[in-house]
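# Residue-level structural notes
Here is how the chains run, residue by residue.
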Amino acid sequence: MMFPHHAAIFPFAILGGLAWLAIVAGVILLAIWAVRAFPGAQSARTPAPAVESPLDVLARRFAAGEITADDFQRSRDLLRGESPKS
């Protein structure tokens, strides 16, 4: 029994469709990779660093030994709106 002409081409039509699907998927993946690899895209994905309050900066400087305990207490009182203690 002879197969009709179209029956012999059918498996190749499926493979051709899958090949086009693979090509389209490859182009999409390439575009996604290119956008992510672009240097400006990194800054858009990373969250902005937390802003330190003035009291946090003061405490960090005191902990690092940049200011003395008296400077820390005087500055802390000033930042809190308290009158400086003499």
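Summarised in this report is the structure supplied together with it. Predicted, not measured: the structure shown is a model, and the values here were computed from it. (Residues numbered from 1 in each chain as written. Predicted model: local features only at pLDDT ≥ 70, side-chain atom pairs only at ≥ 80, totals over all residues. Heavy atoms only, no water.)

### Quick word on the overall build of the protein chain
Under the convention used in this document: Think of it this way: any DSSP run of H or I at least four residues long counts as a helix, any run of E at least two long counts as a strand, and we number them from the N terminus. Between buried and exposed lies partly exposed: a residue is buried under 20% and exposed over 50% of the maximum accessible area for its type, with that area taken using a 1.4 Å probe on protein chains only. Using a 1.4 Å probe, accessible areas were evaluated by the Shrake-Rupley method; residue-level cover was limited to the displayed protein chains.
Within the protein chain, the secondary structure is distributed over four helices and zero strands. In sequence order, the secondary structure elements of the protein chain are arranged as α-α-α-α. Expressed as a percentage of its 86 residues, the buried residues of the protein chain come to 6%. Of the roughly 7,700 Å² of accessible surface on the protein chain, 70% is carried by carbon and sulfur atoms.

### As for the packing of helix H3 (residues 54–63) against helix H4 (residues 69–80)
What counts here: Note on geometry: axes are C-alpha line fits, over the in-contact stretch for helices, and angles between N-to-C directions span 0 to 180 degrees. Put simply, angles under 35 degrees are roughly parallel, angles over 145 are roughly antiparallel, angles from 65 to 115 are roughly perpendicular, and the rest are oblique. Contacts: residue pairs with any heavy atoms within 4.5 Å of one another.
Taken N-terminus to C-terminus, the directions of H3 and H4 make an angle of 175°; their axes are 10 Å apart at the nearest point. It follows that H3 is roughly antiparallel to H4 by the angle criterion. On the side of H3, the interface is formed by Pro54, Leu55, Leu58, Ala59 and Phe62, while H4 contributes Ala69, Phe72, Ser75, Arg76 and Leu79.

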